[in-house]
Every structure is written in C-alpha cells, then in structure tokens.
Amino acid sequence: MLNLPNRIRRLAVFVLLCVAWFNADAGGPVEALSAPKKTVLVLYGDPLSAPADRMTEQGLTAALSSAHGWNLEVFSEYLDLERFPEAQYGGDIVRYLRARYGTRKPDVLIALVNTTLQFVLDHRNELFPGVPIVFADVDHREVEGRQMPPNVAGLWMAWDYQRTLELALQLQPETREVVCVTGSGVEEQPWNNEARKVLQRFASQVRTRWLDKLPLQAVLHEVARLPLDSVVLYIPMERDGAGQTVSPFEVARQLADASRVPVYGLSRPELQQGIIGGALLDFSEIGNKTAALAFRVLAGEKLPVLSAPDIATYPLLINWQALKKWHVSESRIPGTATLAYRERSLWEQHRRLILATAATLLLQSVLIAGLIFQGSRRKRAELSLRESEQQMGLAASAAELGMWTWDILRDRIWMSDKGRALFGIAPETRVDNAALSARVHPEDRAARDAAIRHALETPGEYAMEYRVVHSDGQMRWIAGRGRVEFGDGKPLRMRGVSLDITERRQAELEAARQRNELAHRSRVTLLGELSGSLAHELNQPLGAIVTNAGAALRSLGRDRMTREKFREVLEDIVAAGQRAGEIIRSIKGMLRKTEGARQVVGLNDVIAQMLRLTQSDALAHDCVVLTEFHPALPRVEADVVQLQQVFLNLILNAFEASKDVPKLQRRVIIHTDWDGDGTVRACVRDFGAGLPAEAPERIFEQFFSTKREGMGMGLFIARSIVAAHRGTLCAENAKGGGSQFWLRLPASKEIGV
Amino acid sequence: MMQAHTLVYVIDDDMSMLKAIGRLLESEDYSVEMFTGAREFLARAPHTGPSCIILDLNMPGLNGLELQEALAERGRGEQVIFITGGASVPTCVQAMKAGAVDYLSKPFRDEDLLCALEQALTRSSEQWLQHSQRKEVHKRLATLTPREFDVLKLVITGKLNKQIASQLGTTEGTIKVHRGRVMEKMGVASVAELMILAQRAGIAPASADSTKV
C-alpha cells in the first residue's frame, strides 16, 4: 500500500475490492457440516500448457482439494482450443460435455484461458444454462468491453509494473533507460499497453526503449551490449518479433544469460531463471484465488464481473546470485524485499555435516554413558544404527547419490538435495510419486511404474534404470535402487538411492554405435569378397529367364507350344525372377546399417539363408556343405543382420580353410542343437589345416589374419557381435582334423522351430 | 555312309537352367538328353552318332572342366560347349585349349547357343564320319591274312607284281592271286582307291627295307 498515491484509480478500486473479499472471508468459511454435494467442473486450456498455466492449475487443484466445509466433486476437462480453434465452432465438444455431465450438472464452472471462457460463454445456453461461471487467466479486455450475462465472475491477471520499476530504481538509482523486452503477439498487447501507462509515470526519471519488434536472437544480441546505466524490464514473451512462439520462462533464462545489465521480471518462476527480481506474481496464487471465488459463488454470493488480484501482495523478491553477477550493491535492498538463492555461509552449507558430527559425538558420549551406567545393549544397537545411517548419508553425498524415502501411505517423498537435483525438482517443493513419474521420460514411464508396483506387490527390491527429462529439456539417465518396508503385510515406505548414470549410458551407447559401425564396415568388406560368387548366383536365374523366354518366343513364332507348356515356361520365369530378387534383397539387407534392434529368429533359418548366399562360393571352393539342424531348436533374440554376418564369416572361413586339403576331403559341417535348457548352440566345422596349435584363440584378435587379402577383423567383430548378444564364440581343433567354431546364444523364452 | 542320329546332352546342376535349355533345343527339333551332374552323364553308354554336350562349368562333385578331361581320357569325341554363371579368363582359356567349341556366359542369347551348337554338331558329324569310315576300313583289313596284308602294304607303294614277288620271294602268279583277294576284301576296284583307304586307316606304305624277307 506504500505506493498507493502513484497508482491509477482503477487499480485502487480493485485493491479495495480485494480488501472487501478478504474481509468477507474473515467472517470464516461457510461451514456446512452435512454439506450437500457440490459439483465443480474445471475447463482448462491445453494439457501441456505453459509452466505458468500449470502452476495456476496446481494452485487451483490444491485449493479445491483442500476445501474445508465443502463436499466437492471436482471434474476437469482440457478443451485445448488454442491448438484446435476449429473445435469451438463445431458442436462436438458441446455434445461431449452434455453427454458426460448431463446427469451431474455442475454447480459452478471454472474456465481458464481466454478461448475457454469464450467457448463457455458462446455455448452456455446449450451446455449448462444458468450455471455460474468463474474464470481466470483471461485477458481483462476480453471481459471489460463486453456485456456479461449474470453469474459470471472472474479474476484477471495483472503484473505489478509499478513496484517492479520502483525496485529497479531503488537498487540502481543511476538508471537512465528502461529497455522493455516483450513479444509482439496479441497476448502481450494488453500487458504492453498497461506497461506503457505505468512507464509514463517514470518519464521524468528514465527513458523507455521497446524491444518488441525483433526476433529473439536479435533481442539477445541487443541486450548483450546495453549501456551500463540501463536496465531490462522483461514482460513475459509468448511470441517474438519474428512471430515465433517461444516459452516465456525460457526467454527469461536466455535474457538473464545474455544481458549486460540486470533484467527485472514480473513473475515468480523467472527468478529461478536468473532475473534479478521484481514484484513477482506467483501463479499458483491465481489458482488459489480463483478457487476462493468459486467457493463464494457456491455460497450464493453475487460477485462483480471482474476482480483483480491484489497486486500489492506480490512479494518483492531479489535473486542474490543475480545481484552478485551484475554487481548491484546489497546495501540498497529495501527492507520489504526478500533475498532468494543467497549463497549459504560455511555454517549454512555444512550445517548438516556439523550437526551430524556433533550429534555423533553427543551420541557417542551417550553411548559411553549408557554402557557404563546401564550397559544397555539395545541403546548401543540403536546408536550404531543411527551412526551408520549418518555415515551412509555422508557416503551418499560423497558418491553423488541422491537419497529418498517414500511414505507410501501419505504419498510423500523426502529427497536429499542431490536427489532433487537429479530430477530437476526445486528445493522445498512437495514431492509425491506422480511428480517424480511426470519427470520420467515418457518411453520409460510405464516400465518404471511397473517396477515400483512389482516391488510393492512382491515384497522386495526395486531396481530400475530410466531417463528423466528436466523442465529445460535436458535428459539424464538415472539408476534407482530401493527397498520396501512393510508393516502388517502392507507396504509402508520405500527407501532408496538414485544415481546419475548418464555418462555411463552415453559411453555404452557410443560403444554400441561404434560396434555397429565397425560390424557394418566389415560386412561390406565381406560381401565385397563374395561379389564374384554373388554375380554367379544372380546369373543363374537370369540365364534361366532369358533362355526360357527365348524358347517361348521361338515356339510362339511357329505356334508349336501347347498352352500348358507355355504356362510352365512362364511359371519358371516368374520363379527364377523371384529367386534373383531374393538374392538381391538379402545382399541389400546385409549392406544395411543396423542399430542392433533385436527380433526373435531361428538359428537354422539364419544359417540356411547364408548357405543360399554362399552356394556359389562353396562350388568355387569345391566344398560340400552338410547340415545337421536340430528340428525343434528354440529361437534366439538377435539383430538378424549381425547374426547373419557372424555365420557368413564362419562359413567363408571354413571354405577358405578347406583350400589346402584335397578336393574330396573338402567338407563343411554345420550343426545346431540345444542343451535342453537355456542355451542354443551352432557349430561350424571344416576339415582344413586347423588352428595354430600354440594359441588357437589368437584368431579372434584384431588384425590377425591367415588370408593374404584379409584384414583380420572378421572373427574379432564376429565375437564382439556374439558377446553383445550375451553369447559366446570360441574355436578349437576338432578330433579327426580341421577346426570347429562353437557359437552359443541364450534361448528366447519363445519355443519354436 | 548312312546318316547317324545326332544327340545333344545338357548337363547343369541348376534345374531351372537345365529345363530352359532343354525347352529351347526341343523347340528347334534337337534330340536332347538332360543330366543334373557329370557323374550321371558318365554312367550312360556313349551315343553312337554325332553329339554335343552343353556343359555347366561350376557343378558340385565333378565340375565341367573335370568332365571334359575325363572324356578325353576315355577317348570320347563329344564336342563341348561350356556355359557358366561367372566367367573367369583362366578357366576359359583352359576350356578352349582342351578343345571346347565355345564358352558362353549366363545369361546368353539363344542365337549364340544355337550357333555354337550347329558348329559343334557339324564338327561332330565330320568327326563321326571319319570315325565310322576308319572303323569300316579296319573291319575290312581284319579279314586279310598276314600275307595279304604284306602284299597290300607293297601294292600301295605303287610296285608292280613282279617287283613285289621278288621282294617277298615268291612267284608273280601268287602275288597276282593275293592282290586280287586284297582288292576284293577291301571292296575296291583300283589301286588308287586302295591307297585312299589305307591312308584313312593310317597304314604306312612299306619301305623297301622293312618288307625285305
């Protein structure tokens, strides 16, 4: 109220109105012991709305759910008309709402956001005639110029430019220019007009410059070189000068980062983004007050169409770290302002440690006393438990572990500071499971929820690795481990730790990527070696096609072939064409880059496919290939292309190894079986010269090659592929000459041939 | 000499190729026999008449080149046309050196195959003709007594009965009888004809010394 004389009259009227409500409220909430049930329908904008809207929603939901003396049933709907403007003209939403709430007609409607209010007003008679409407988050000009039906009341959003500017001039009396950074959209227009009026009052002290027509990047460039006797006033931007939609809080952060001079803001969340401060609107308070309006409407009170939030109650907040960054003296801070994010003193920073140490000492004294005077073993046990807990706490913070305890019955989660940082949750905010779950990456959410459910249902441990997404879009990998504590067979609480494993996961992903890349390159080389045989393999069906077609053409000229014969020829042509296509497809498949995606496949099929591809190579090497396939082999989970590559490698190696023995002894035997349990095996055996006797395993080393043209990568990569499939690949000299390669893979749960 | 029946063999392990070639040749009225492997072919009794083998080079077991070699060892005169899916220069050279008529890469034009086949069959017919003639001459030669054979060898040198008689140490009259029997048995009317037959049978005229008794 300090600056009342400076305010415009209308604002004063609103303030008085607000005072009037609070006086009314002071009479006490309308108690209704056996209150009849009241239905509240809240109509929101879009479900993924800007953080500000979300905070309003949270404030509203919290206020509605903690209403004393009311028996409320609250429903929520997201109309999302901003993004689906066409919907407000169609009757679908109206029909939907009527179908849904026809039998439970709401006693009050709460509409948030301009478009929603507009919709409700337009369709009021079809929807819920006569039901009172309370609105918020609405541009007041929408309402002011308009004839409102009865029973419509609302709250508009106002920024406190006045006190924010006063704060700026108080902190920086040398200021000569206020640079207003804002957007150019329809949304910002009323705010900007309001700001112009207020700035007029400071015209004698400071100049005003508007950065509202520039693209965001240009604005950032501009604020980076402002003269030191200027300040920035940031009016929340929804759309930049280039018409690009932006996130207002994100812009606050970018501005604070880029600006050479302090940035003053108008809403509380901006403080966290690095602005220096201002008279800041807390969005959840808007939700709160909207709920208060709804209660008064439910109590039968008649309200004015438009109420203003009491901007005098917006706290004056200053970001201590921003103060330091922009070298603004702390001495000018007014007594009414609150300092946030102040760096804590040694005591503040290490209070826990100091307390813990002191407590440990104290408890040790107690222990000694207890031992001496009472000899109580129970106490000793308790003490060492507590001690170990403290030590664990210290160890946890040293190991960067976030600790947490979830009170399952009340759904409250206590988290250490490190734990909060992992999830990107501000200190002091209340945390429940839903809040954590909301931060989990959508793709991992179901799995994490399932892991928690599993831990709660089957008394046990919770262990899970998942991604979290911070509000700034940053993604981190978290490993969570926990244990459920039960009482009377019911889960009471879960304690656990979380660890940031992003770097490890990234390293793993990078390693997998490199392995896939290397495997691909080696596959290309392998197919290059095979290209002669592949040409042969293709020429075979092509030859059949051409010759068949030639025969048919010749017969056609002389009309000598029966229709039956003709059909046979054409069918053979089709079959040969398909065979050629199949060969090309499998080559193409092998040349494809894969990302290691697994599917369930039969080992026999994979081998058979590779044998078809290498048929000509077998001929060229005069090798006879024999197969001994297990008829009911369990399938395996594998990247098919990479598994094909492993067998292609083994098969070609076997052919190559056969070179040195007489033709009639050149055989390759491929055998598959399984141990009846969890492991499937395949063996590729040749009758060649065998492995180097002194070190058979050397063949799996990088750059080891017996072939003159070989790069020595084949088996090295084959083994790393198999290892990535949780299998093994090893080699030995076979009895009776030659070598055999054993590949073992875990069987998939699915049984099949 | 009667015209013998000509036959074309096709040997390819690829069934679809084998059938296609069979169809092409039958549409051109050739008699065709097909085999999916070289060993099956070798198990068959050789054909008596002009013949040609259309032979796939790359086959399991005995491959094309090896079959060609095996035929040569057995003294069989079938003409060979090689067909192959992947041609390499060294195998091509080896095949042609071993007497192949042609070497075709799949897919080939049917005219090319038919043209090569005609050439092969012409060559085979000529060969067959020579072969059968030689066989006939040998058959007739086999009916001669050793004395008659000696006389024949001297007759084709162009000697007179008197000279032959003196060389063999007998009378001119005896030689005259022998000579008449030789001409009759060999089915010729003149010394010139006899000389041609002898040449076809590869009988060298006797030299003055070697026939001296």
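Residues numbered from 1 in each chain as written. Chains lettered and ligands numbered in written order. Predicted model: local features only at pLDDT ≥ 70, side-chain atom pairs only at ≥ 80, totals over all residues.

A. Representation of the overall build of chain B within the structure. Helix and strand counts for chain B stand at nine helices and five strands. Along chain B, helices and strands appear, N-terminal first, in the series β-α-β-α-β-α-β-α-β-α-α-α-α-α. Counting across all 213 residues of chain B, residues that qualify as buried make up 36%. Long-range contacts, defined here as pairs at least 24 residues apart, represent 64% of the contacts in chain B between residues at least 6 apart. (Helix = DSSP H or I, 4+ residues; strand = E, 2+ residues; numbered from the N terminus. Buried ≥ 20, exposed ≤ 12 C-beta atoms within 10 Å, placed from the backbone. Contact = placed C-beta atoms within 7 Å.)

B. Layout of the overall build of chain A. Within chain A, the secondary structure is distributed over 26 helices and 25 strands. A total of 753 residues make up chain A; the buried ones form 33% of that total. In chain A, the proportion of contacts linking residues at least 24 apart, taken out of those at least 6 apart, comes to 69%.

C. Examining the sheet that holds strand E11 (residues 306-307) of chain A more closely. Residues and elements named next belong to chain A. If you trace the six strands from one edge of the open sheet to the other, you get E2-E1-E3-E4-E5-E11, paired in parallel fashion. The open sheet has two free edges, formed respectively by strand E2 (71-78) and E11, since each of these has just one partner strand. In this structure, strand E3 (residues 108-112) lies alongside strand E4 (residues 133-138), joined through four bridges in parallel fashion. Opposite Ile110, over in E4, you have Val134 as the bridge partner. (Pairing = 2+ DSSP bridges.)

D. Here's a closer look at the interface of chain A and chain B. Listed by partner, the interface residues are 26 residues for chain A and 18 residues for chain B. Ranked by residue count, the leading element in the side of chain A that touches chain B is helix H21 (residues 531-558) of chain A, at 17 residues. Split by residue class, the side of chain A that touches chain B holds 13 nonpolar, 10 polar and three charged. (Nonpolar A, V, L, I, M, F, W, Y, C, P; charged D, E, K, R; others polar.)

E. Up close: the pairing of strand E8 (residues 230-234) of chain A. Residues and elements named next belong to chain A. With five of five residues buried, E8 lies mostly within the body of the structure. Along E8, one buried face is formed by Ser230, Val232 and Tyr234 and the opposite face, lined by Val231 and Leu233, is buried too. Relative to E8, strand E6 (residues 177-181) is paired through five bridges, and the arrangement is parallel. Note that in E8 the partner of Cys180 across the bridge is Leu233. Judged from the two bridges that link them, E8 and strand E9 (residues 263-264) form a sheet pairing that is parallel. Along E9, the bridge assignment pairs Leu233 with Tyr264. The parallel pair E8 and E9, bridged by helix H10 (residues 248-258), forms a crossover whose chirality is right-handed. (Right-handed = clockwise from strand over helix to strand, strands pointing away.)

F. Fine view of the environment of Arg579(A). Relative to the elements of secondary structure, Arg579(A) occurs in helix H22 (residues 563-591). As a C-alpha pair, Arg579(A) and Gln540(A) span 39 residues in sequence and 9.5 Å in three-dimensional space.

G. Quick look at helix H19 (residues 442-457) of chain A. Residue and element names in this part refer to chain A. Here H19 contains 16 residues, and its C-alpha end-to-end distance of 23 Å stays within 8% of the 22 Å for a straight helix at 1.5 Å per residue. Of the residues making up H19, those classed as buried are Arg448, Ile452 and Ala455. Taken end-on, H19 shows its buried residues confined to a sector of 60°, consistent with a single buried face. Exposed and oriented more than 90 degrees from the buried face of H19 are Glu443, Ala446, Ala450, Arg453 and Glu457. Where H19 is buried, its residues meet strand E16 (461-469), strand E17 (475-487) and strand E18 (490-500). (Expected span 1.5 Å × (residues − 1). Arc of directions from axis to C-beta.)

H. Examining the sheet that holds strand E24 (residues 728-733) of chain A more closely. All names here are of chain A. As summarised here, the arrangement of the five strands in space is E20-E22-E23-E25-E24, forming an open sheet in which the pairing is mixed. The open sheet has two free edges, formed respectively by strand E20 (624-628) and E24, since each of these has just one partner strand. Ignoring which end each strand starts from, the neighbouring axes of this sheet average 15° apart. (Axes fitted to C-alpha atoms, helices over the stretch in contact; angles between N-to-C directions.)

I. Main features of the packing of helix H9 (residues 216-223) of chain A against H10(A). Residues and elements named next belong to chain A. At a minimum axis separation of 8 Å, H9 and H10 run at an interaxial angle of 30°. Relative to H10, the element H9 is oriented roughly parallel. Note on packing geometry: the crossing formed by H9 with H10 is right-handed. Only Val251, Gln254, Leu255 and Ala258 of H10 make contact with H9, whose side of the interface consists of Leu216, Leu220 and Val223. Among the residues forming the contact of H9 with H10, the class breakdown is six nonpolar, one polar and no charged. (Parallel < 35°, antiparallel > 145°, perpendicular 65-115°, else oblique. Left-handed = near helix turned anticlockwise from the far one by under 90°.)

J. Highlighting the nonpolar core. All names here are of chain A. Grouped together as the largest cluster of nonpolar side chains are 89 residues, with contacts concentrated most on Leu43, Ile110, Val232, Tyr234 and Ala294. Considering every element that reaches this core, the biggest residue donor is helix H12 (residues 283-298), with nine residues. There are two domains that each give this core at least three residues, and those are domain 1 (4-156) and domain 2 (161-279 + 314-340). Not counting residues within four places of it along the chain, the set of residues in contact with Val232 comprises Val179, Val181, Val223, Leu255, Ser259, Val261, Pro262, Val263 and Tyr264. (Core = buried A, V, L, I, M, F, W, Y, C linked by C-beta atoms within 7 Å. Domains from an automatic or database assignment.)

K. A look at the packing of helix H20 (residues 502-529) of chain A against helix H25 (residues 640-658) of chain A. Residue and element names in this part refer to chain A. H25 packs onto H20 with a crossing angle of 45° between their chain directions and a minimal axis gap of 11 Å. In terms of axis orientation, H20 runs oblique to H25. In this structure, the crossing between H20 and H25 has a hand that is left-handed. Across from Ala519, Arg523 and Leu526 in H20, the residues of H25 making contact are Gln642, Gln645, Leu648, Asn649 and Leu652. When the residues that make up the contact of H20 with H25 are grouped by side-chain class, the tally is four nonpolar, three polar and one charged.

L. Structural view of unusual backbone geometry. All names here are of chain B. Following Lys106, the chain continues into Pro107 via a peptide bond in cis, with omega recorded as -5°. Topologically, Pro107 is positioned in the loop between strand E5 (102-105) and helix H5 (110-141). In this structure, Asp29 is a non-glycine residue whose phi angle is positive, near 70°. Position of Asp29 among the secondary structure elements: in the loop between helix H1 (15-27) and strand E2 (32-35). Among the residues examined, Asp29 registers 8 C-beta atoms within 10 Å and is labelled exposed.

M. Expanded view of the environment of Glu148(B). Residues and elements named next belong to chain B. Residue position: Glu148 is located in helix H6 (residues 146-155). It is 8.9 Å that separates the C-alpha atoms of Glu148 and Ile175, two residues lying 27 residues apart in sequence. Residue contacts for Glu148: discarding those within four places in its chain leaves His178, Arg181 and Val182.

N. Broad picture of the pairing of E3(A). Residue and element names in this part refer to chain A. With five of five residues buried, E3 is to be regarded as a mostly interior element. With burial as the criterion, each face of E3 is covered, one bearing Val108, Ile110 and Leu112 and the other bearing Leu109 and Ala111. Where strand E1 (residues 37-44) meets E3, four bridges bridge the pair, whose relative direction is parallel. Residue pairing in the sheet places Val40 in a bridge with Val108 of E3.

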